[in-house]
Amino acid sequence: MSPPSLIDTHPNLSDTAPVALSYELFPPRSPAAAETLWTTIRELETTEPDYVSVTYGASGSNRDTAVELINRLLLETTLRPLAHLTCVGNTPQELAGIIGELLDTGVRGILALRGDLPKDGGEPAPGALRYAQDLIELVRRVEQRRSALLCAGKIAVGVAAYPTRHPESPSEEHDVEVLLAKQRSGADFAITQVFFRAEQYADLLTRARRAGVTIPIIPGVMPLTSLRRLKRLGELAGVEPAPELIERLAAADSDLDRLHIGVNATVDLANAALEAGAPGIHLYTFNEHQSALEVLDKLALPRRTHSSSGRNIAARQLAG
Ligand code: FAD
């Protein structure tokens, strides 16, 4: 029998670790969308998430709006942004510049992604970063050059993980090998692509741990309330939504009925993921707060309690 680990025997570490809560937002595409987004941000802020992630358009198409949103989150809210960054379509020099810009604004979390390949195909430019793994290494190089500036907080680098096979990957085993390679290159945590069956997440955890992946793998959970979105995402990410859920949503008598069905299905999925060992829940909000808040309301997440920090007070003063 192996001796108990320090974590098991240390009195202050033996409690259940708090579960992380985070949301995904995307930069608004119009002034009207920005207004709705800011209502959502204020509603989500009341739930004191650990961080909110901000997506980055394919090939950096929305770079300015993404950076602007991140800046505003840092200046005007108590929220901690996790900036998505994709390497497709940008040179390493451009990416190093963007990483530096993000760090200068105060960002300390980057989700390093490859991004979806352009539809017209074509070979990447010579010297271009090919995989998310290359981007992690670039982030770590930029971080190293600024290590003296980062004494009060290093960068947390996250990556994507896939409960069902990535559409370009030969197998789920290959996906886990890629995740392990990303961990070796310096990834601190992973957030999963959407999935519709808890076993898919549980299987990924088992396969990843068996292969030597030790970083937290946080399930990305989408509120299952919109039939149109479920079908669209199924096509885009190559993930099949459960046919029985589609049928139940389609047969709902009213929007309210559909919301109840979708929220209950999402809560069941998130609870099953937590039971399988999920260290947190990352909610894909689609910039809407209603479903996300209803899901959160019904989830009994063991969260840490936050106290009013200097940062909260500063944000309130700015807002006031
Ligand atoms: P990679 O890990 O580089 O993998 C891409 C493909 O290459 C996979 O098939 C993998 O198996 C293969 N591969 C990787 N490394 C190697 C290697 N060393 N040798 C051989 N094959 C390899 N897209 C956006 O455009 N903007 C976003 O903001 C965004 N946010 C996302 C957030 C999350 C949580 C997730 C799960 C996805 C997100 N995406 C986003 C989508 C993502 O960009 C796509 O899924 C993309 O196709 C793959 O990105 P990746 O980072 O997983 O790439």
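First, a word on what this report is: a plain description of the structure on this page. (Residues numbered from 1 in each chain as written. Predicted model: local features only at pLDDT ≥ 70, side-chain atom pairs only at ≥ 80, totals over all residues. Heavy atoms only, no water.)

Here's the deal with the overall build of the protein
Item 1. Per the secondary structure count, the protein includes 12 helices and nine strands.
Item 2. Going through the 320 residues of the protein one by one, you find that 47% of them count as buried.
Item 3. With an accessible surface of roughly 16700 Å², the protein has 52% of that area assigned to carbon and sulfur atoms. (Helix = DSSP H or I, 4+ residues; strand = E, 2+ residues; numbered from the N terminus. Buried < 20%, exposed > 50% of the residue type's maximum accessible area, 1.4 Å probe, protein only. Areas by Shrake-Rupley, 256 points an atom, 1.4 Å probe, with all protein chains shown as cover.)

Structural notes on the sheet that holds strand β5 (residues 156-161)
Item 1. Within the open sheet, the nine strands sit side by side as β7-β6-β5-β4-β3-β2-β1-β9-β8. Their pairing is parallel. Looking at the sheet topology across the chains shown, the edges are occupied by β7 (217-218) and β8 (220-221).
Item 2. For strand β6 (residues 189-192) and β7, the ladder comprises two bridges, and the chain directions are parallel. Counterpart to Ile 191 in the pairing with β7 is Ile 218.
Item 3. Sheet strands touched by helix α3 (residues 63-76): β2 (51-54) and β3 (81-86). Its angle to β2, the strand with the most contacts, is close to 165°. (Pairing = 2+ DSSP bridges. Contact = heavy atoms within 4.5 Å. Axes fitted to C-alpha atoms, helices over the stretch in contact; angles between N-to-C directions.)

So, empty space enclosed by the protein
Item 1. All chains considered together, the criterion is met by one cavity of 30 Å³ or more.
Item 2. Approximately 40 Å³ is the volume attributed to the largest cavity.
Item 3. Every residue along the wall of the largest cavity is listed here: Tyr 56, Ala 66, Val 67, Ile 70, Ala 83, His 84, Leu 85, Ile 98 and Leu 102.
Item 4. Those elements that place two or more of their residues in the lining of the largest cavity are α3, β3 and α4 (92-105).
Item 5. Classifying every residue of the lining of the largest cavity by side-chain character gives eight nonpolar, one polar and no charged. (1 Å grid on protein atoms, 1.4 Å probe; cavity = no way out; pocket = protein on both sides within 12 Å on 5 of 7 lines; lining within 4 Å. Points joined across faces, edges and corners; volume = space filled by probe spheres on them. Nonpolar A, V, L, I, M, F, W, Y, C, P; charged D, E, K, R; others polar.)

Section: the packing of aromatic side chains
Item 1. In total, this model carries two aromatic pairs according to the counting rule given.
Item 2. With a centroid separation of 6.3 Å and an interplanar angle of 55°, the aromatic rings of Tyr 51 and Phe 189 are classed as tilted. Of this pair, Tyr 51 sits in strand β2 while Phe 189 sits in strand β6, placing them 138 residues apart in sequence.
Item 3. Classification of Tyr 51 as buried rests on a relative accessible area of 13%.
Item 4. Look at Phe 189 and you get buried, because its relative accessible area is 10%.
Item 5. Pairing Phe 195 with Tyr 201 gives two aromatic rings, centres 5.7 Å apart and planes at 20°, and the pair type is stacked.
Item 6. Overall, the relative accessible area of 1% leaves Phe 195 in the buried class.
Item 7. The aromatic ring of Trp 38 is capped on one face by Arg 72, whose charged end is 4.0 Å from the ring centroid. (Phe/Tyr/Trp six-rings, centres within 6.5 Å; stacked < 30°, edge-to-face > 60°. Lys NZ or Arg CZ within 6 Å of the ring centre and 35° of its normal.)

Some words on the packing of helix α2 (residues 31-45) against α3
To characterise two packed helices, one gives the angle between the axes of the helices and the distance between these axes.
Item 1. Where α2 meets α3, the closest approach of the two axes is 13 Å, and the angle between their N-to-C directions is 40°. When the axis of α2 is compared with that of α3, the two are oblique. As for how α2 packs across α3, the hand of that crossing is right-handed. Where α2 abuts α3, its residues Leu 37, Trp 38, Ile 41 and Arg 42 lie against Leu 69, Arg 72, Leu 73 and Glu 76.
Item 2. Looking at the contact of α2 with α3, its residues break down into five nonpolar, no polar and three charged. (Parallel < 35°, antiparallel > 145°, perpendicular 65-115°, else oblique. Left-handed = near helix turned anticlockwise from the far one by under 90°.)

With respect to the layout of surface pockets
Item 1. Approximately 440 Å³ is the volume found for the second largest pocket.
Item 2. The wall of the second largest pocket is formed by 20 residues, among which Val 88, Leu 117, Gly 122, Glu 123 and Pro 124 lie closest to the centre.

Examining the nonpolar core
Item 1. In terms of nonpolar packing, the biggest core is built from 94 residues, with Ile 99, Leu 135 and Ile 217 touching the most fellow members.
Item 2. The element that contributes the greatest number of residues to this core is helix α10 (residues 255-275), accounting for nine residues.
Item 3. In this view, Leu 135 contacts Leu 85, Thr 86, Cys 87, Leu 95, Ile 99, Ala 112, Leu 113 and Leu 129; residues no more than four positions away in its chain are not counted. (Core = buried A, V, L, I, M, F, W, Y, C linked by side-chain atoms within 4.5 Å.)

Let's talk about the side chain of Glu 45
Item 1. As for its position among the elements, Glu 45 is in helix α2.
Item 2. Taking the relative accessible area as the measure of exposure, Glu 45 reaches 14% and is therefore buried.
Item 3. Not counting chain neighbours up to four residues away, the residues in contact with Glu 45 comprise Thr 77, Thr 78 and Leu 79.

Thoughts on the site of the ligand
Item 1. Neighbouring the ligand are 25 residues, the closest being Tyr 56, Asp 116, Ala 132, Tyr 162 and Lys 182.
Item 2. Here His 84 contributes a side-chain N or O atom positioned 2.8 Å from an oxygen atom of the ligand.
Item 3. One of the side-chain N or O atoms of Asp 116 is found 2.8 Å from an oxygen atom in the ligand.
Item 4. For the ligand, whose accessible area on its own is 980 Å², the fraction buried by protein is 85%.
Item 5. Of all the secondary structure elements, the ones that give two or more residues to the shell around the ligand are β3, β4 (109-113), α5 (132-145), α6 (172-184) and β6.
Item 6. For the shell around the ligand, the per-class residue count stands at 10 nonpolar, 10 polar and five charged. (Near = heavy atom within 4 Å. Polar contact = N/O pair within 3.5 Å; in protein donor to acceptor, adjacent residues only side chain to side chain.)

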